[in-house]
Structures are given as C-alpha cells and as structure tokens.
Amino acid sequence: MSHKMKDATIPHIPTGARISRWIGRNLIRIYAVFAFTYLFIPVAYTFAFSFNDSGKSNLIWKGFTLNNWQNPCGAPEVCTALANSIKIGFLATLFSTILGTMIAFAIGRYSFKGRSTSNLMIFLPMATPEIVLGASLLSLFLVFKINPGFWPTVIAHVVFCISFVVVTVKARIASLDPRLEQAAMDLYANERETFRRVTLPLVAPGIAGAALLAFSLSFDDFIITNFNSGTLTTFPKFVYTSAARGIPAQANVIGSAMFFLALAIVITGQIVGRKRKVSA
Amino acid sequence: MGKIRTPYLLLLPGFGFLFTFFILPIINLAQTSTQTPVGGGDTGQYEQTLRFSNYIDAFVENKEQFGRSFVYALIATILALAIAYPLAYAIAFKGGKLKNFMLVLVVAPFFTSFLLRTVAWKQILGEEGFVVPTLRNLGIISDSTTLTSTSFAVVMGMTYNFLPFMTLPLYASIDRIDPRTLEASGDLYANGFTTFRKVTLPLSMPGVVAGTLLTFIPAAGDYVNAAILGSPNTKMIGNVIESRYFKIVDYPTAAALSFTLMAVILILVTVYVRKAGTEELV
Amino acid sequence: MTKESISAKGDLRLTRLTKSYGDFTAVDDLSLVIPEGSFFALLGPSGCGKTTTLRMIAGLEEPTVGSIHLGSTDITTTKPYQRPINTVFQNYALFPHLTIFENIAFGLRRRGIKDVDGAVNKVLDLVELPHLAQRKPTQLSGGQQQRIALARAIVNRPALLLLDEPLGALDLKLRRQMQIELKWIQKEVGLTFVHVTHDQEEAMTMADTIAVMNEGQIEQMGSPADLYDNPKTAFVANFLGQSNLIKGTISSNDGDSHIVDLFGQKISLQKNRSHANDQFIYAGIRPEKFRISRLGTPTSGNILTGGHIEDVSYIGVSTQYQVEMPWGQELMVFEQNDDGVAPFSKGEEVNISWEPIFTFGLRGDEDATAGSEVNPEELDEE
C-alpha cells in the first residue's frame, strides 16, 4: 500500500467486506430485479413462442418464423374472438365510464343522505367473487328467457366495471382544489361554464384512466364472460377452450401485441404528463 | 332548488343499473338456492320449495372443495404478500425518478391475457418446459415428480396472477410514509429491523389490509388456475359451481354453493377488517 | 350569452353582517364602509373572521344576517359571477390546465370582451412578466404565480379587488418587495383594494385604512398611525406592535390631563387619549417611547423609578431590555443603538421615563393580554 496515496482520514476496508456491504445496502434492489424477472417470465415465454413455426399446437419449439406475425388471423376463430372482445370491451367501457363517472360526481361532490350507503353499494360488486356475479346474472337471464350472448355479456361487464370507474374517478375528484372552481366563479363563469371549462378538464385524466382500466378488465375477463356469453367466443374464452388441444401461435401474437400496445399507451401517457411539468 | 336533487339524479342511472343487474340477480340466486327439481319434469325445471336443506347438502357434499379453496386462497395471499411487500418497498423507497416506470412494469405483464399467462406457466412447468428438466438434472426433484396438475402449480398460478392486486395497494400505502419518520426512528436508537416492525409495518397496514382483501376474495372463488394448472384432485369450489351450471345441470345446488361462498367470504372479511381496523376501503 | 354585468360602483358598505355555522359565529354583526379607491386592510389573527368576511364580499359565502351594498346596489344575494368583484386567492388558484395567457383572459372571455389580446398584454407588462404568457402555472415560481394571480384579477377592472393573504407563501425579501409593488399598482390602476392579512407590519405598510378584527368583530378602524399611536382596546394595543400596559387608577385631574396613580407612582395622561370610563385604567406606553437612565441622571416627563434590568437582548439596530419594576411587572424597552452610550447591563438599577403625550389609556376592565402572541396561562400549565 503506497503511503503517499493513503489519506489518514479514509478508513481501509477489505474488498470482501466491501462487497458484502454493497449487497446489504442494495439487497432490496437486487430482490426487485428478481421479482420483475419473475413477473415477466410468462410474458417472455408467450412472446418467444409467438414466433414458433408450430402449426396448430404450440407446445414444442419447432422453429423460428415471422408467419404468425404477418398473418395473425391465420388460425380460425382467433380474429373473431378478438373482434368480439374488442366490441364488448368498447361498449362495456362506454357505459360503465358514463354511469360510473356520474356516480363518482354524486358521491364525491355532494353530501346527502345515503352517501355512506352508496359507498357500500359500490364496494359490494368488488367484494363479490366473480363466479357469483357471473352465475347470478345467468340465473336472472334464464328466468326472463334471455339467452346468454353478446348483450348479456356487455351488461355483465358493465356491472363489475362500474365500481372500478367510480373509485378511480372519485379519487381524482377528491384531489381537485375547490378553490379553482371558486376562482372561476369569481371570474364571471356561472355554474355550467365552471364545470365545462375548469372541473371537467381537470377530472378528465381520471376519467380517461378509469376508461382504460375498464377496458382492460373487460378484455381480460373470463369467468363472468364464460357464464354469460353462450356460444359467443371472446379472446380469453378462445384461449381457455383451445388450451387442451393446443393454442395456435396466432393467439400468442395477439397477446404480445396487446402487451406492447398497452405498454406504449401507458408510457406515452407518462411522458406527456411529465412534459407538462418541465419548464419550456 | 336543483341543488338538492342533483346527487340523486346523478346516482339514478348507475344505481338503477346495478340494482337490476347486481342486486336482483343475487336475490334471484337466493330464491333459486331453495328450489328442487320438478318431479317428472325436464332437466332444468325447478319449483320453489324453500328447501333450505339444499345448503346443508351442498356444503357437506363439497366440504373438501370448500376447505381447499380457502386454504389455497390463504396460502396464495400470504405468498403474494411476501413477494409483493419487498417489491412495493423497493419501488417506494429506492425507485427515485423511475418510480412510475417501475409501477408500469409491475402492471405491464397483465396486459397479456390472463389465460395466456396461465397457460404459459403450464407449459413452462410442464414436461417440455425448462424448469422441470433443470430441477431433475440438479437432483432437486425426482424423475417421477411433475409440477403441473399439482396443488403446488395451482397455488403458484394464483399467487402470480393476483400479484398486482397486492402490490399496488401496498405501494400506495408505503409510498405515503414520510422517510423522515424512519430517520427519526433510527435517531431514537431503533435498528433496521425494529424500525420496520414498529414504524414501517404499522404505517403500511392500510395497504396490507386492502391488498390482502383484493387478493383473497377473488382467489377464493377462482377456478381457472385450478382448471388449467391442476387436476381433479385440486378442484376448488369455483370448479364445482361451474360444473353444476354447465356439466351437471343442478341450479339449486350451484346457487346454494355460491351463496355459501359469499357468506363465508363476507364473514371472514368482516372479522379481518374489524381486527385490522380500517374503515374507508373504497 | 350576455351576463348581467352589474355596473355597480361606489363605496362598499357592509351592514350588520353576520355569518354563523351552527353554534359558531365567524362574523358577528359587522358594519363598515370601505371608500371607493382606497387601500383597505382587514387585519387580525387566524380565526378572527376576516377571510369569511372577504368571501362574503366576493359572493363565495352567503351571509346569515345582514347586507352588502356596492354604491347603491344591493349585492347581498347575487352570485359571485354577477359581481364586479375579483379575488386574488391565498394559494393563487391559477388554472393548471390553461396557459398564463388563458388564465388572465378567463374573466374577459366569460364577459364576452372583444379585445382580449390587448388587455392581457397590457396587464402582463404591468406585472413585468410578458415573457411567461405561453407557460403553464406549474412552471412558474411562487412569486411569479402571485403576480399572475394579481394580473388575472386586475385585467377585469373590477370595482373592488379582494386579496386573501396573497403574500403568505413568499419569503421575506420577496414579500417586502411585493408589498411596495402592490401599493404602487393600486395607485396606478385606481381600484379599491381590500387586503386580508394577519401580518400587522404588512397592513401598516400597505393600507390607507386598517380594520382590526377579533372574534368576528371589528375592534378598531383607522389609519395605521391612528391605530398605532392611540389604540382603543388592549387587543389592538398588543396585536399592532407591542405595548406595556400598567394597571392604575385616575387619582386627579390637571387641566386637560389625568394624573394616574401606578402602584404609588404618579404619571400624566392626556384626557383625549384615555378610553377609560371610570377611575380604573391601564396606562399604555409603546416600548420604543421609554428611555432608560441610571439613578441620578436628569430626566423629564413621566418617570417611573425603582426598576432593575432583568434581560438585555442586542439586536443590532436596537437593544431590547426587560426592566422589572417594584410591583413585579416587567416592562419592555427598545433603545435605538444610535449614540455611543454603553448599553445597560443586567442587574443595574434604572429609572424609566417618557414624554407624557405618548401615553394612552385603556379601560381598567380590559384583559391586558388580549392580542399578545402567547397566552401566559398556557405557559403556566405544567
């Protein structure tokens, strides 16, 4: 050890101790890396096998191909199922967002008798197991001799999405500074104009988030859909029923594409949100 | 003035919808649960006989599956908590500028279809995957052990699939903790572990309660993980209810089972929430 | 759509204004007139009702009892967007989703004014921030936000401009600067300003007239000099600056002065500066009016003897002394460090003297601690 390099005030720590100290301090970061890897394993697997030259059954790796990505509707029923899921998702999102936003404003903005009961009502669907939601709706439809299918599925999806919309929008409303609306009225905007020009634009991101959430919940739903869709296939149903005989690689393509699309949307939203805060 | 009526007008469509398509169905389910098949009628024809013994029959016949469902759900919840807590902690305290991005990463895998993910696990843990052969080569498991069609796989699938429901509320709660309270704890002679036990953990309790509820409730009623990753030996109550609707048509039993499931969950949740002391969940 | 734009103008008149929330009365039978074109301050501690009063003037709260008139127009129940009154909020309340330009233009657009560009640019020049027009509020510093909030209100040329503790969030230097600027802008633009604050120095710097509020009522109203030199109540005497209040009795008269007996020592007080209604009185003197002198040094005016120095605090500009008098009370003295005489030290025996005209007299049944910062009873609780 060269003495002229050694500062009297810097303690000398042996390398071994240094490494174990580093691990101790960063233990939780290392854990996070492992946890994220674990989260992504099935995603990576799905993505990898979307390139499998597999034919009907995608169980064993046969070879790399871009065919599946070039021809995602190649396997029968994949695109029908996807189209159904998107249609149902869109309608369910539309209705649940409108109904849920109205409820969120009522509960979040006004104090009235029955407010706490309303909160409970919203909590109930979230606390009910999906199987009970699905089965009970099916029972009701059967009583009225309505066959399971497209519209019963949309209705079922709206039922379980409303609560999530309410919670999301309510949170956004709660963070709204009431003085902004007072300022608007102070500056000659009446109630309607205040809502249109100040309240709504500021709550809009919450509503957008709620809509996105509702769509993802609807698109990915299996249990409730299974009970109420009859012979109509949705994407998750398609995967479930073809799991036994082999899921075509095109399903992997769609799954991966959904993943990247959703990731892109969320990241774009984050970047746009961040740009708003940075000085021009 | 319109001011008093406005909240009720806003609530009317939404609650009207929920009443028709949530409350009524549940009521209908209740009245289905006490019916019996019409003697001499076709399958699927029932009459109301207020046969409350349906419940007892249903429960006794399926007590194994009931028990299994709650055990699996409990184990999955505990595992999810164990995995998610350090992760949420890492993001909240070590995330820095990348916090939001890391949260997106937690949720992102769930943009791939839930079924695709579960089927992927089935194949990863199956004979053709890379896990089993590797473990066999390392001698950790014997050549005859399989990982799929086991309760291990089912619980593992459940834990994995409900992870974001556990992580996000945990994160929300942990993120609210002012790091200076942890510093204050250290200043007052508490070491790392004691600080965690006496400061961090209690302050993060609302998140723990919310996360465990959001995980346990759907887990108890789940049947997809059991169907894909399990075997007839791992049947959960959800599987039973599903088959009573679609395979063996027996609506009263299915209804009775559904209600029992809901009732048990409700009781467990109420006891748990009372004990943990959280009021505002929504 | 045209709004009912009230062309009301004139003095603001509050008549018997009361606001109660259940049992609690925030504003209690308040009456006052704010002359057009003046800079008026509502001064008081938190919870005294000043903000509630302001909000009632703006229309953001409805009075329980009483009326508000602007000139000859009764605006008690008109909506905020129908009043020619604008507010500068405490936290600025700038619309985060609009640019600075659109924030300022907001009121103009709602009123259907045509030449928005001209008016907005003019007021941006007035607050010296024309380059920020296209930014968003979150990109501005606190001081800049405050000036934009002001611009947003002023651009509408309201009959009345209300300011709700607008300088509270700024640091000291910036606050001082803004106080001077606000005063200049008010003179320049000629609007009536009503400024709510708990900072008495701020009120005294900026306002032509101050109303001191306490527990929903006005204790005293007048120019800063009036309030400071001749407070009528203990609250005003203690809240505005600091005061020494010494209990005594009026023993006799001498022309246009009272002779007041303070624990055996006699001082004189001008009759027109006394607010006592019987012989019991508190004699009040501001700490900077006292002179300390060593025993044997010649003094004039009112004299109190037998004090000795308990505490000395050197503050650069001045030295503050606590002098304990024979009857146990500690008097506060501020001496300017403007001559070469060495400051007095702890333990020294001294006399206190002052010009008689600076004495003011308060009612003998007043609470001598009202308006001072610390409640001495709270300190005693162990």
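Residues numbered from 1 in each chain as written. Chains lettered and ligands numbered in written order. Predicted model: local features only at pLDDT ≥ 70, side-chain atom pairs only at ≥ 80, totals over all residues.

(A) Region of the structure containing the overall build of chain B. Counting its secondary structure elements, chain B contains 14 helices and 2 strands. By its C-alpha atoms, chain B is 80 × 75 × 35 Å across when sized along the principal axes. Scored against the burial criterion, the 282 residues of chain B give a buried share of 43%. (Helix = DSSP H or I, 4+ residues; strand = E, 2+ residues; numbered from the N terminus. Buried ≥ 20, exposed ≤ 12 C-beta atoms within 10 Å, placed from the backbone.)

(B) Structural detail: the overall build of chain C. Helices and strands together make up the secondary structure of chain C, namely 9 helices and 20 strands. Once the C-alpha set of chain C is aligned to its principal axes, its extents read approximately 80 × 45 × 45 Å. Burial statistics for chain C: of 382 residues in total, 42% are counted as buried. Considering only contacts in chain C between residues 6 or more positions apart, those separated by 24 or more positions represent 66%. (Contact = placed C-beta atoms within 7 Å.)

(C) Main features of the nonpolar core. Ile103, Ala135, Val159 and Val239 of chain A together with Ala84 and Ala88 of chain B are the most contacted members of the largest nonpolar core, which totals 139 residues. In terms of residue count, helix 3 (residues 63-94) of chain B provides more of this core than any other element does, 14 residues in total. Discounting residues that sit within four places of it in the chain, isoleucine 103 of chain A has contacts with Ile122 and Val166 of chain A together with Leu10, Leu11 and Gly14 of chain B. (Core = buried A, V, L, I, M, F, W, Y, C linked by C-beta atoms within 7 Å.)

(D) Inspection of the sheet that holds strand 6 (residues 85-88) of chain C at higher detail. Residue and element names in this part refer to chain C. Read across the sheet, 6 strands follow the order 6-7-8-3-9-10 without closing on themselves; strand pairing throughout is mixed. Strand pairing shows two members of the sheet lacking a second neighbour, strand 6 and strand 10 (217-222), which therefore form its edges. In this sheet, neighbouring strand axes are inclined to one another by 20 degrees on average, regardless of whether the strands run parallel or antiparallel. Both strand 7 (residues 160-164) and strand 8 (residues 192-197) contribute to a ladder of 5 bridges, which runs parallel. By the bridge assignment for strand 8, leucine 162 is matched with valine 194. (Pairing = 2+ DSSP bridges. Axes fitted to C-alpha atoms, helices over the stretch in contact; angles between N-to-C directions.)

(E) Local environment of the packing of helix 3 of chain B against helix 11 (residues 205-221) of chain B. All names here are of chain B. At a minimum axis distance of 9 Å, the contact between helix 3 and helix 11 shows a crossing angle of 145 degrees. Handedness of the helix 3/helix 11 crossing: right-handed. The residues of helix 11 that touch helix 3, namely those facing Ser69, Phe70, Ala73, Ala76, Thr77, Ala80, Leu81 and Ala84, are Gly211, Thr212, Thr215, Phe216, Ala219 and Ala220. (Left-handed = near helix turned anticlockwise from the far one by under 90°.)

(F) Summary view of the domain arrangement of chain C. As far as domains go, chain C holds domain 1 (12-228) and domain 2 (248-366). Distance from the C-alpha centre of domain 1 of chain C to the C-alpha centre of domain 2 of chain C: 40 Å. (Domains from an automatic or database assignment.)

(G) Main features of the environment of alanine 225 of chain C. All names here are of chain C. Structurally, alanine 225 is set in helix 7 (residues 224-229). Overall, the presence of 9 C-beta atoms within 10 Å leaves alanine 225 in the exposed class. Along the backbone, alanine 225 and aspartate 208 are 17 residues apart, and their C-alpha atoms lie at a distance of 9.7 Å.

(H) Spotlight on the arrangement of the chains. Across the 2 pairs of chains that are in contact, the largest number of contacts falls between chains A and B. The two partners chain B and chain C share no contact, and the minimum distance between any of their C-alpha atoms is 15 Å.

(I) Representation of the pairing of strand 12 (residues 257-262) of chain C in the model. Residue and element names in this part refer to chain C. Only one face of strand 12 is covered, namely the face carrying His258, Val260 and Leu262; the face carrying Ser257, Ile259 and Asp261 is uncovered. Remark: 2 residues form the turn of the hairpin made by strand 11 (residues 244-254) and strand 12, two consecutive strands paired antiparallel; glycine 255 in that turn has positive phi of roughly 70 degrees. In this structure, strand 12 lies alongside strand 13 (residues 265-270), joined through 6 bridges in antiparallel fashion. Its bridge partner lying in strand 13, histidine 258 is registered against leucine 269. Remark: 2 residues form the turn of the hairpin made by strand 12 and strand 13, two consecutive strands paired antiparallel; phenylalanine 263 in that turn has positive phi of roughly 50 degrees.

(J) The arrangement of the interface of chain B and chain A in detail. Residue-level contacts link 63 residues of chain B with 69 residues of chain A. When residues in the side of chain B that touches chain A are grouped by element, the largest group, 17 residues, is from helix 1 (residues 2-32) of chain B. Residues of the side of chain B that touches chain A, tallied by class, amount to 49 nonpolar, 11 polar and 3 charged. (Nonpolar A, V, L, I, M, F, W, Y, C, P; charged D, E, K, R; others polar.)

(K) Looking closely at the environment of leucine 42 of chain C. All names here are of chain C. Note on placement: leucine 42 falls in strand 3 (residues 39-43). Judged by the 29 C-beta atoms lying within 10 Å of it, leucine 42 falls in the buried class. The sequence separation of leucine 42 and isoleucine 210 amounts to 168 residues, and the corresponding C-alpha distance is 6.0 Å. In this structure leucine 42 touches Lys50, Thr53, Leu54, Val194, Val196, Ala211 and Met213, once residues within four positions along its chain are discounted.

(L) Inspection of the environment of glycine 66 of chain C at higher detail. Residue and element names in this part refer to chain C. In this fold, glycine 66 is placed in strand 4 (residues 65-70). By the C-beta count within 10 Å, which is 17 here, glycine 66 ends up partly exposed. In this structure the C-alpha to C-alpha distance between glycine 66 and aspartate 339, which are 273 residues apart in sequence, comes to 56 Å. Dropping the residues within four chain positions of it, glycine 66 is found in contact with Thr15, Arg16, Leu17 and Thr18.

(M) Structural context of the sheet that holds strand 2 (residues 24-34) of chain C. Residue and element names in this part refer to chain C. Pairing is antiparallel in the open sheet, where 4 strands are placed in the order 2-1-4-5. Looking at strand neighbours, the two that pair on one side only are strand 2 and strand 5 (73-74), the edges of this open sheet. The pairing of strand 4 with strand 5 spans 2 bridges and is classified as antiparallel. Looking at strand 5, one finds that histidine 69 is bridged to aspartate 74. Helix 1 (residues 50-58) contacts strand 1 (12-21), strand 2 and strand 4 of the sheet and is inclined by roughly 115 degrees relative to strand 1.

(N) The interface of chain C and chain A, seen in detail. Counting residues at the interface gives 20 residues for chain C and 19 residues for chain A. Listing elements by their share of the side of chain C that touches chain A, those giving two or more residues are strand 6 and helix 2 (100-110) of chain C. Looking at which element gives the most residues to the side of chain C that touches chain A, the answer is helix 2 of chain C, with 3 residues. Across the side of chain C that touches chain A, the residue classes tally to 8 nonpolar, 7 polar and 5 charged.

(O) Quick look at the pairing of strand 1 of chain C. Residues and elements named next belong to chain C. Summarising the sheet, strand 1 and strand 2 pair through 7 bridges and their orientation is antiparallel. In the sheet register, serine 20 faces strand 2, and the bridge partner there is threonine 25. In sequence, strand 1 turns back onto strand 2 through a hairpin of 2 residues, with glycine 22 there showing a positive phi of about 60 degrees. Two strands pair when backbone bridges link them, and strand 1 and strand 4 are joined in this way by 5 bridges, in the antiparallel orientation. When the sheet's bridge partners are listed, threonine 15 is paired in strand 4 with serine 67.

(P) Representation of unusual backbone geometry. Residue and element names in this part refer to chain C. Positive phi, normally seen in glycine, also occurs at glutamate 128, with a value near 60 degrees. In this fold, glutamate 128 is placed in the loop between helix 3 (116-126) and helix 4 (142-154). The backbone phi angle of glutamate 165 is positive, close to 40 degrees, even though this residue is not glycine. On the secondary structure map, glutamate 165 appears in the loop between strand 7 and helix 5 (172-189). Given 20 C-beta atoms within a 10 Å radius, glutamate 165 is considered buried.

(Q) Structural detail: helix 13 (residues 237-246) of chain B. Extensive coverage of helix 13 of chain B is indicated by the burial of 8 of its 10 residues. Of the positions making up helix 13 of chain B, those classed as buried are Ile237, Gly238, Asn239, Val240, Ile241, Glu242, Arg244 and Tyr245 of chain B.

(R) Up close: helix 5 (residues 114-124) of chain B. Of all 11 residues in helix 5 of chain B, 10 are buried; the element is thus mostly enclosed. Considered for burial, the residues of helix 5 of chain B that qualify are Phe114, Leu115, Leu116, Arg117, Thr118, Val119, Ala120, Trp121, Lys122 and Gln123 of chain B.

(S) How the structure looks around the packing of helix 5 (residues 130-143) of chain A against helix 13 of chain B. Running from N to C, helix 5 of chain A and helix 13 of chain B cross one another at 15 degrees; their axes reach a closest spacing of 11 Å. With respect to helix 13 of chain B, the axis of helix 5 of chain A lies roughly parallel. Relative to helix 13 of chain B, helix 5 of chain A is oriented so that their crossing is left-handed. Together, Ile131, Ala135 and Leu138 of chain A of helix 5 of chain A and Gly238, Ile241 and Tyr245 of chain B of helix 13 of chain B make up the contact between the two elements. Among the residues forming the contact of helix 5 of chain A with helix 13 of chain B, the class breakdown is 5 nonpolar, 1 polar and no charged. (Parallel < 35°, antiparallel > 145°, perpendicular 65-115°, else oblique.)

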